[in-house]
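The residues making up each chain are set out below.
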Amino acid sequence: MNILLYSPDNGVTRNFMPHLWMFLLKSLTPPGHEVFLIDGNAQPMTEDEMSRFVRDHDIRLVGISAMTRMAARAYKMADAIRAAGAKVVFGGPHVTEVPEEPLGRAEEPRHADAIALGEADYTWPQIVNDAATGSLKEIYRPIGNGQEMKPTLVDYPQIPWDTIQLEQFNLVGKLPRLVRWLLKRKTKSWESLYVLPVESGRGCPYGCEFCTVTGFFGDVIRFRSNQSVIGELRRLKRRVQSERGNFGVFFVDDNFAINPKRTKSLLREMILEDAVVPWIAQISVNLLKDEELLDLMAASGARCIFIGLESVDADNLRRVQKSFNKPSAYRAALDGLARRGIYAITSFIFGMDGDTPGVAKRTAEVMNTWPPGFPVFSLMTPFPSTPLYQRLLQAGRLERPKHWLDSSLFTMSFTPENITQAQAEAEVRQAWTRSYSPRATIAALRRISDRPLSERAVVFFTRLAFRGIYFPQMTLRHWSILLWKNRRPLLSLCCEALFALRMRRDVAVASNEETA
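Just so it is clear, the structure is predicted and the values come from calculations on it, not from any experiment.

Caption draft 1: Representation of the overall build of the protein in the model. Scanning the protein from N- to C-terminus turns up 19 helices and 16 strands. The C-alpha radius of gyration computed for the protein amounts to 24 Å, which stays within 12% of the reference 24 Å derived for 516 residues, consistent with globular compactness. For the protein, the C-alpha atoms occupy an extent of roughly 80 × 55 × 50 Å along the three principal directions. Here the protein, with 516 residues, has 48% of them falling under the buried criterion. Of the contacts made within the protein by residues no fewer than 6 positions apart, 73% connect residues no fewer than 24 positions apart.

Caption draft 2: Geometry of the packing of aromatic side chains. Following the criterion strictly, the structure yields 21 aromatic pairs and no others. Ring centres of Phe-251 and Phe-256 lie 4.5 Å apart, and the angle between their planes is 15°; on these two criteria the pair is classed as stacked. Put simply, the rings of Tyr-330, Phe-348, Phe-350, Trp-370, Phe-377, Phe-410, Trp-432, Tyr-436, Tyr-470 and Phe-471 pair up and form one aromatic cluster. Above the face of the Phe-471 ring, Arg-467 is positioned so that its terminal group lies 4.5 Å from the ring centre. Sitting over the ring of Trp-484, Arg-487 keeps its end group 4.1 Å from the ring centre.

Caption draft 3: Looking closely at the packing of helix H8 (residues 226-242) against helix H9 (residues 260-272). Running from N to C, H8 and H9 cross one another at 40°; their axes reach a closest spacing of 10 Å. On the basis of their axis angle, the class for H8 and H9 is oblique. Between H8 and H9 the crossing geometry is right-handed. Judged by residue contacts, Asn-226, Gln-227, Val-229, Ile-230 and Leu-233 of H8 engage Arg-262, Ser-265, Leu-266, Glu-269 and Met-270 from H9.

Caption draft 4: Broad picture of unusual backbone geometry. Notably, Glu-310 is not glycine yet its phi reads approximately 70°, a positive angle. Along the polypeptide, Glu-310 turns up in strand E14 (residues 302-310). For Glu-310, a relative accessible area of 6% gives the class buried.

Caption draft 5: Quick peek at the sheet that holds E14. Reading across from one edge, E9-E12-E13-E14-E15-E16 is the order of the six strands in this open sheet, with parallel pairing throughout. Where the open sheet ends on each side, the last strands, each with one partner, are strand E9 (193-198) and strand E16 (376-379). Across this sheet, the average inter-strand angle for adjacent strands is 20°, counted without regard to direction. Looking at chain direction, strand E12 (residues 246-251) and strand E13 (residues 279-282) are connected through three bridges and run parallel. The residue bridging Phe-251 from the neighbouring strand is Ala-281, located in E13.

Caption draft 6: Looking closely at the environment of Pro-18. Looking at the element boundaries, Pro-18 is found in the loop between strand E1 (2-7) and helix H1 (20-28). Here Pro-18 falls in the buried class, since its relative accessible area comes to 2%. What Pro-18 contacts, discounting residues up to four positions off in sequence, is Phe-23, Asp-39, Phe-169, Val-195 and Pro-197.

Caption draft 7: Quick peek at the nonpolar core. Counting residues in hydrophobic clusters, the biggest one holds 140 residues, and the most contacted among them are Phe-90, Trp-124, Phe-251, Trp-279, Met-297 and Leu-337. If we skip the residues at most four places from it in the chain, Phe-251 touches Val-198, Val-229, Leu-233, Phe-256, Met-270, Trp-279, Ile-280, Ala-281 and Gln-282.

Caption draft 8: A look at helix H13 (residues 359-367). Among the residues of H13, Val-359, Ala-360, Thr-363, Ala-364 and Met-367 are the ones counted as buried. One side of H13 carries all its buried residues, which in axial view fall inside an arc of 130°. Summarising the contacts, the buried residues of H13 are in contact with strand E15 (343-350), E16, helix H15 (421-435) and helix H16 (438-447).

Caption draft 9: Inspection of the side chain of Asn-255 at higher detail. Tracing the chain through its elements places Asn-255 in the loop between E12 and H9. At 2.6 Å, the side chain of Asn-255 and the side chain of Ser-284 are in polar contact. Other than its neighbours up to four places away in sequence, Asn-255 contacts Tyr-206, Gln-282, Ile-283, Ser-284 and Leu-287.

Caption draft 10: Looking closely at the packing of helix H17 (residues 453-467) against helix H18 (residues 476-485). Their axes nearest at 12 Å, the elements H17 and H18 cross at an angle of 130°. Here H18 runs oblique to H17, going by the angle between their axes. Our pair here, H17 against H18, has a crossing hand that is right-handed. In this structure, H17 contributes Leu-464, Ala-465 and Arg-467 to the contact, and H18 contributes Trp-479, Leu-482 and Leu-483. Here the contact of H17 with H18 is composed, by residue class, of five nonpolar, no polar and one charged.

Caption draft 11: Broad picture of the sheet that holds strand E6 (residues 139-140). Here we have six strands laid out as an open sheet, ordered E2-E1-E3-E4-E5-E6, and parallel in their pairing. The open sheet has two free edges, formed respectively by strand E2 (34-39) and E6, since each of these has just one partner strand. Here strand E4 (residues 87-91) pairs with strand E5 (residues 114-116) via three bridges, running parallel. The partner of Gly-91 across the bridge, within E5, is Ala-116. Relative to E4, helix H3 (residues 71-83) is tilted by about 155°, and along the sheet it contacts E1, strand E3 (59-65) and E4.

Caption draft 12: Looking closely at the pairing of E15. Of all eight residues in E15, eight are buried; the element is thus mostly enclosed. Alternating positions in E15 separate into two faces, Tyr-343, Ile-345, Ser-347 and Ile-349 on one and Ala-344, Thr-346, Phe-348 and Phe-350 on the other, with burial throughout. Across six bridges, the pairing between E14 and E15 is parallel. Its bridge partner lying in E15, Cys-304 is registered against Tyr-343. Across four bridges, E15 lies against E16 in parallel orientation. Note that in E16 the partner of Ile-349 across the bridge is Ser-378. Assessed by its sense of winding, the connection that carries the chain from E15 through H13 to E16 is right-handed.

Conventions we followed
Residues numbered from 1 in each chain as written. Predicted model: local features only at pLDDT ≥ 70, side-chain atom pairs only at ≥ 80, totals over all residues. Heavy atoms only, no water. Helix = DSSP H or I, 4+ residues; strand = E, 2+ residues; numbered from the N terminus. Rg over C-alpha atoms; globule rule 2.2 N^0.38 Å. Buried < 20%, exposed > 50% of the residue type's maximum accessible area, 1.4 Å probe, protein only. Contact = heavy atoms within 4.5 Å. Phe/Tyr/Trp six-rings, centres within 6.5 Å; stacked < 30°, edge-to-face > 60°. Lys NZ or Arg CZ within 6 Å of the ring centre and 35° of its normal. Axes fitted to C-alpha atoms, helices over the stretch in contact; angles between N-to-C directions. Parallel < 35°, antiparallel > 145°, perpendicular 65-115°, else oblique. Left-handed = near helix turned anticlockwise from the far one by under 90°. Pairing = 2+ DSSP bridges. Core = buried A, V, L, I, M, F, W, Y, C linked by side-chain atoms within 4.5 Å. Arc of directions from axis to C-beta. Polar contact = N/O pair within 3.5 Å; in protein donor to acceptor, adjacent residues only side chain to side chain. Nonpolar A, V, L, I, M, F, W, Y, C, P; charged D, E, K, R; others polar. Right-handed = clockwise from strand over helix to strand, strands pointing away.

What follows is the structure, given as structure tokens:
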């Protein structure tokens, strides 16, 4: 049976991170089936194109996982897939939160033949077998002894990275042709560049009011063995090196350092066993005051850390059950990372009940005292089944209870206590514009003028890429305009690079003359 695992596009940007679930379910699929993978962010498709793909490849079963903001898009694609003759099974956090919706039991047309609730590690093989024998059930739950079963991760499957087709995830292939041509003339080691997901643990004990993680994965942390993770990293290194390419890893754990002792143990073994790779992870700011942890992160390849700061207002954080974040400690944590050449993706949420007009400016003033990073801004969103959603629903404050079905990006679905919806939305626009303006980028580079040129160049180009999360910049025209607006820092970096290259050549010539 031919199977397709499909992740819908996120509706924001083509700057994408491949989703782990597709690779994991492929490895869990029973023998005798062919599995295709399509990530809509990497390989965008229309509904007609998807229908054609299903028919041309004789796809009989399609697994779709979608987060809440992707639900409307996922349902449209599912309708096209079912019309083309394939069975659709939905899984993931959103479906687990609203199981009646994709089955057509909640004032919404039916979009799925079956749904998989919770983590699908145990249920996916059964789903495949049932679909192959024509006995697909409507609902699959990982139940054992009357309770939900959570995978221990002790017997984590081996993802077949050596055989998976990765071309759709090749970031070099997304570059303009001129840039690709220049890279090929310069070097043979950049024929591919992947950022691939690796999991080392699941679960989060914090239970922030607005977050879906604890509800889906639970508050008990489960870890893979160090050797399992390291073996996967080494297989990835061999695969990419054989293609004369480069790669980085995104540890998709919801909190990579939630158990610092275990994280240090993993990082030490990565260093000892030739498994050092460039990596990114999500880590809470309260865990980044451990100097030994920071040293091990740097030595093992850490390049960037995603930190959910959410707000610079301590009272805001208290209201959403995230008071373990201490705004007064933000700068010290970010300084500790930057001293080691690690920069932060700092996430902020506007539209909290404690926010007032001017929150973007106040946040920027605080951020300007930190090392530069890659801030991202969003609006407070009540996801179904979260404590925030229930609180607003009970208070009668949800103006669009099913906001995800008519989702419009960067818009509010309720009115905060101290700021209007329009004001909150304007604050987000202002924050993105202010943070990624050419002036802000120049100031950011000035704050790290003592760091190596290569490091500053990475910060510069990464900031341009992160700008694309909010502003459209997919076409060559968009990028040309963007580079022109940022020509001052670009030319400065280029001149510095040329000067450094000339100095190295002069030193080499002088050395050769002395030898002669």
